[in-house]
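Breakdown of the fold
Listed below are the residues making up each chain.
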Amino acid sequence: MNKTVLISGGGIAGPVLAHWLRRRGFEPTVVERASAPRPGGQAVDVRGVALDVMERTGLLDRARGLRTRMRGMSVLDPQGNEVHRSTESTFSSGRLDSDDIEVLREDLVRMAYEHTRADVEYLFGDSLTGLDEDETGVRADFAHGPSRRFDLVVGADGLHSTVRRLAFGLEERFSHHLGSYLSVFGTENFLALEDWQMWLQDDGVGFGIMPVRDNTELRVAFGFESGPLAPELRTADALRRTVVEKLATVGWEGARLAEAARTAPDFYCDAMAQVRMDRWSRGRVTLLGDAGYCPSPLSGQGTSLALVGAYVLADCLAQDGGDHGTAFARYERRMRPFVDANQALATENPGGPASEESVEHAKNAIALDA
């Protein structure tokens, strides 16, 4: 009988893992808290060996067709005066002549879902509330649907992973704050930017603005320095208020950006943090992507880690005939150097970009076929 695998998280890692498990004879089910594939989010990079995973998955040509196509960027002072410009690279994607691609996260999520929905079971609008493992499998309890049994469970449910909490304990044991918060939201292109990014830094806050959707919209990434906020300040409403207040104090277009943040339906804000764990697996449960080894957006490698991790995990399970103990151990051995190299990108030079040598090493610090 084919082994059943419950994957918590319908973002990028979960559907790509489901694709490769299905091809290797497993029966994956994906549960996603949202009612449909999630919209919004920043542009994400797919680099190095992750491009090979995209190609093998059958998504690379479509992703290239949807990639951002920037001509360059301007860096502004707090008053909006240009102090630097480049037509060779941007802060969000690196060198413009690179083979790496930058694509909106929502486009990549939609692609992965559409690529798998015909032969993968999706449970939208539900979430896990409990996991009870015994010698033969795991009973998964859901917030809305009935309990079900699975052979294996994979947490691909992000920085605040429910699977990690249920199987390993409180998030505070594994999440390491990196001294800032990041907000992302969309708005109309009131700056009339045409394939050109704008970046501004001012006394503990900063933002990047890029046009998307054929220059009809702007995607704003706003960051501010802060230690871990108190729990009552980490609610969605409280974080939005904080971002609005901080943006309103920024010169140049701060007031209009603050209003955009106040009304944006796709508003997002969370801590810049890394997840560091001694092991990613326990019994029949394992973690994938940000749930197990979030490198933070500061690394620019979270999506690539998720894609490569999904491919490697499925490959290890197939090699070991579904023997989860051996497969999970192999998965961790193969992925750990890749994870370490990519997490180092966010910490080797706090407040500035990682070196080109470190980036090139991190992009390819793993062999897909091992």
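On a predicted model such as this, the values are computed, not experimentally measured, just so you know.

It is worth spelling out the overall build of the protein chain at this point. In terms of regular secondary structure, the protein chain is built from 11 helices and 20 strands. By the compact-globule yardstick of 21 Å for 370 residues, the protein chain fits well, its C-alpha radius of gyration being 20 Å. Principal-axis analysis of the C-alpha atoms places the extent of the protein chain at approximately 65 × 45 × 35 Å. Here the protein chain holds 370 residues, and the buried ones make up 55% of them.

Right, let's talk about the pattern of salt bridges for a bit. Counted under the stated rule, the structure contains 23 salt bridges. With a shortest N-O distance of 3.6 Å, Arg 164 and Glu 171 are connected by a salt bridge. Overall, Arg 164 belongs to the buried group, its relative accessible area being 0%. Ionic contacts of the salt-bridge type, sharing partners, join the residues Glu 106, Asp 107, Arg 110, Arg 213, Glu 217 and Arg 219 into one network.

Attention now goes to the packing of helix H1 (residues 13-23) against helix H9 (residues 302-319). The interhelical angle for the contact between H1 and H9, taken along N-to-C directions, is 30°, at an axis separation of 8 Å. Taken together, the axis directions place H1 and H9 in an arrangement best described as roughly parallel. The handedness of the crossing between H1 and H9 comes out as right-handed. Residue-level inspection shows Ala 13, Val 16, Leu 17, Trp 20 and Leu 21 of H1 in contact with H9, the latter providing Ala 306, Leu 307, Ala 310, Tyr 311, Leu 313, Ala 314 and Leu 317.

The next subject is helix H4 (residues 105-116). Here H4 contains 12 residues, and its C-alpha end-to-end distance of 17 Å stays within 8% of the 16 Å for a straight helix at 1.5 Å per residue. By the burial criterion, the buried members of H4 are Glu 106, Asp 107, Leu 108, Val 109, Met 111, Ala 112, Tyr 113 and Thr 116.

The next subject is the sheet that holds strand S10 (residues 128-133). If you walk across this open sheet you meet the three strands as S10-S11-S12, and the pairing is antiparallel. Edge positions in the sheet fall to S10 and strand S12 (148-150), since each has one partner strand and no second. Shown here is a sheet whose adjacent strand axes are inclined to one another by a mean of 30°, direction ignored. Bridging between strand S11 (residues 138-142) and S12 involves three bridges; their strand directions are antiparallel. Following the sheet pairing, Val 138 is matched in S12 by Phe 150.

Remark: helix H2 (residues 49-57) packs on H9, axes separated minimally by 9 Å, with the N-to-C direction vectors making an angle of 55°. Comparing the axis directions of H2 and H9 gives the class oblique. Pair H2 / H9 crosses with left-handed handedness. Of the residues in H9, those in contact with Val 49, Ala 50, Val 53, Met 54 and Arg 56 of H2 are Ser 304, Leu 307, Val 308 and Tyr 311. When grouped by side-chain class, the residues that make up the contact of H2 with H9 number seven nonpolar, one polar and one charged.

Parameters at a glance
- Residues numbered from 1 in each chain as written.
- Predicted model: local features only at pLDDT ≥ 70, side-chain atom pairs only at ≥ 80, totals over all residues.
- Heavy atoms only, no water.
- Helix = DSSP H or I, 4+ residues; strand = E, 2+ residues; numbered from the N terminus.
- Rg over C-alpha atoms; globule rule 2.2 N^0.38 Å.
- Buried < 20%, exposed > 50% of the residue type's maximum accessible area, 1.4 Å probe, protein only.
- Salt bridge = Lys/Arg side-chain N within 4 Å of Asp/Glu carboxyl O.
- Axes fitted to C-alpha atoms, helices over the stretch in contact; angles between N-to-C directions.
- Parallel < 35°, antiparallel > 145°, perpendicular 65-115°, else oblique.
- Left-handed = near helix turned anticlockwise from the far one by under 90°.
- Contact = heavy atoms within 4.5 Å.
- Expected span 1.5 Å × (residues − 1).
- Pairing = 2+ DSSP bridges.
- Nonpolar A, V, L, I, M, F, W, Y, C, P; charged D, E, K, R; others polar.

Purely geometric numbers; function is a separate question.
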